[in-house]
Structures are given as C-alpha cells and as structure tokens.
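# Examining the three-dimensional arrangement
Chain by chain, the residues run as shown.
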Amino acid sequence: AQSVSQHNHHVILSEAASLELGCNYSYGGTVNLFWYVQYPGQHLQLLLKYFSGDPLVKGIKGFEAEFIKSKFSFNLRKPSVQWSDTAEYFCAVTRNTGFQKLVFGTGTRLLVSP
Amino acid sequence: NAGVMQNPRHLVRRRGQEARLRCSPMKGHSHVYWYRQLPEEGLKFMVYLQKENIIDESGMPKERFSAEFPKEGPSILRIQQVVRGDSAAYFCASSPLQDKQETQYFGPGTRLLVL
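Summary of the structure given here. (Residues numbered from 1 in each chain as written. Chains lettered and ligands numbered in written order. Predicted model: local features only at pLDDT ≥ 70, side-chain atom pairs only at ≥ 80, totals over all residues. Heavy atoms only, no water.)

Take the overall build of chain A next. For chain A, the helix and strand inventory stands at zero helices and 12 strands. In sequence order, the secondary structure elements of chain A are arranged as β-β-β-β-β-β-β-β-β-β-β-β. By the compact-globule yardstick of 13 Å for 114 residues, chain A fits well, its C-alpha radius of gyration being 14 Å. The principal-axis extents of the C-alpha atoms in chain A amount to approximately 45 × 25 × 20 Å. The contacts in chain A between residues at least 6 apart in sequence include a share of 55% that link residues at least 24 apart. Accessible surface computed for chain A: about 5300 Å², of which carbon and sulfur atoms make up 54%. (Helix = DSSP H or I, 4+ residues; strand = E, 2+ residues; numbered from the N terminus. Rg over C-alpha atoms; globule rule 2.2 N^0.38 Å. Contact = heavy atoms within 4.5 Å. Areas by Shrake-Rupley, 256 points an atom, 1.4 Å probe, with all protein chains shown as cover.)

Here it is, written out as structure tokens:
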C-alpha cells in the first residue's frame, strides 16, 4: 500500500534559519506530490504541487520542493523562515491513475521562535 | 468565491449519540472527499463522492459511518452511536473535476469530541 513518511515530527528554528522538511513515499509508479500547510486554527492550504516537468517546484511564501525520483523524496525547503511560518506541514501523494485519493504523511510541526 | 464550508466547526457528543457533519464544496465543484485526522496522526482518506454517488468508500469504517452527497444541499458525514475513538478532526475537500491533476481544496474541519 502507498505510504508517506515525514521523519521530523517537531522542528524548532529561530527566525532567519533555513528549513528543510523531509518527505519520502513508497510507490513505484508515477505520482503527484503535494505539500499542504495548516496554520494554527486554520484549514489546510496548498503550498505547492508537482505533477511533471521541472523537479524543482516553487510554491507560495518562498517555499520550494525538489522531487528526486531515485530517492522517492519530495523535501520542502525555505532559505529563511519567519515567525509566521509556525504551522503544521503535511506531505501528500496521489497516484497518477484513477481518482485523487490523497495519502498524507503524519505531519511536521514547525515552531519558529522570534 | 467562498471556499469549502464545513459545519459545525466543533461538535461535542456523548457516547451513543449521532454526529452529523456537513460540507458545502466550493462553487462549481462536484467532487467531495472526506478525511479524518486522529490525534497525532496524519489525515486519512475516508470516502469520495460525486453528486448522488459514492465513488470510493474504502476508507470508511464498516459500521456506524455513512456519507451522502445529494443532488441539492451539502455532503453529510453521519456517525451513528459515536464512541470515544471517533473523536477526531474531520476534513472535507472538494475539486471541480475528476482529473488526475486537479487540486483538492480543504475546508476548516469539524472537530468532534465524544465524551
């Protein structure tokens, strides 16, 4: 069965530090990849997505992610975090066939201290 | 254009009662997905519906849970005879098309607490 692993459950950074959140998936076929963010008290919002093409994807708010097919990874990065990036981040995958059932990782809670 | 709406945002039930969760998709969206987030876990797919049809309910518990998306009105996730283990956040998402590259847009969720 498809699964998504986010190895960092909690991350604490100071403002201006660089961020990298890991995401690995287990599915051998073609996949679509997503990062969603959930700010405190708010609903999930799409940060970025990868379907095909350039494996380096730019998203909103300065985030980017790189799809490395050989490593089954889709890590999220931001060069300099802000206090407002404090949130929970979810990696998710869908298969590129059939309907869009999202398979989520367990999430990473990021706390950015001012 | 309003986003995905869910109500209530918080719901408290005693064991054995029924819980009804509502989801109004974004305007123009005819596909609805329900996900459940248990404490300290990621979101897990429950059911996928189109208007008047259940397309995939492979993530639904076999008993007590049901979902519908009528021709008119919101999608409803119904939990009968709730138990403490049903306490979770229930999220609805919608998309306009059944397209493998279509993004799902999420609602704010309903947080169910069973006492």
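So that's the structure; there's more coming.
The next thing to look at is the side chain of B:Arg36. Residue and element names in this part refer to chain B. With respect to the element layout, Arg-36 can be found in strand E4 (residues 31–37). An unpaired buried charge is present at Arg-36: no salt bridge exists, and Asp-86, the closest side chain of opposite charge, is 4.2 Å distant. Among all residues touching Arg-36, those that are not within four sequence positions of it are Gly-42, Leu-43, Lys-44, Met-46, Pro-61, Phe-65, Asp-86, Ala-88, Ala-89 and Tyr-90. (Buried < 20%, exposed > 50% of the residue type's maximum accessible area, 1.4 Å probe, protein only. Lys, Arg positive; Asp, Glu negative; His and termini not counted. Salt bridge = Lys/Arg side-chain N within 4 Å of Asp/Glu carboxyl O.)

Between chain A and chain B, the contact holds 20 residues from the first and 24 residues from the second. The interface formed by chain A and chain B contains zero salt bridges. Along the contact surface separating chain A from chain B lie three residue pairs in polar contact (both at pLDDT 80 or more). Elements that contribute at least two residues to the side of chain A that touches chain B include exactly strand E5 (31–38) and strand E6 (44–50) of chain A. Taken together, the residues that form the side of chain A that touches chain B break down as eight nonpolar, nine polar and three charged. (Polar contact = N/O pair within 3.5 Å; in protein donor to acceptor, adjacent residues only side chain to side chain. Nonpolar A, V, L, I, M, F, W, Y, C, P; charged D, E, K, R; others polar.)

Once that is clear, we can look at the packing of aromatic side chains. One pair of aromatic rings is described through two measures. These are the centre distance and the angle between the planes. Residue and element names in this part refer to chain A. If you walk through the whole model with that rule in mind, you get 14 aromatic pairs over all chains. An angle of 75° between the planes, with centres 5.7 Å apart, marks the rings of Phe-34 and Phe-51 as edge-to-face. Taken together, the positions of Phe-34 in strand E5 and Phe-51 in the loop between E6 and strand E7 (56–58) put the pair 17 residues apart, joining distant regions of the chain. Here Phe-34 matches Phe-51 in class, with each residue buried. (Phe/Tyr/Trp six-rings, centres within 6.5 Å; stacked < 30°, edge-to-face > 60°.)

All names here are of chain A. Here the structure, examined in full by the defined rule, presents two disulfides over all chains. The disulfide partner of Cys-23 is Cys-91, and the gap between their sulfur atoms is 1.9 Å. Between Cys-23 and Cys-91 the sulfur-sulfur dihedral comes to about -65°; the bridge is accordingly left-handed. Of this pair, Cys-23 sits in the loop between strand E3 (19–21) and strand E4 (24–25) while Cys-91 sits in strand E10 (residues 87–95), and the two are 68 residues apart along the sequence. For the pair Cys-23 and Cys-91, a shared accessibility class is recorded, and that class is buried. (Disulfide = S-S within 2.5 Å.)

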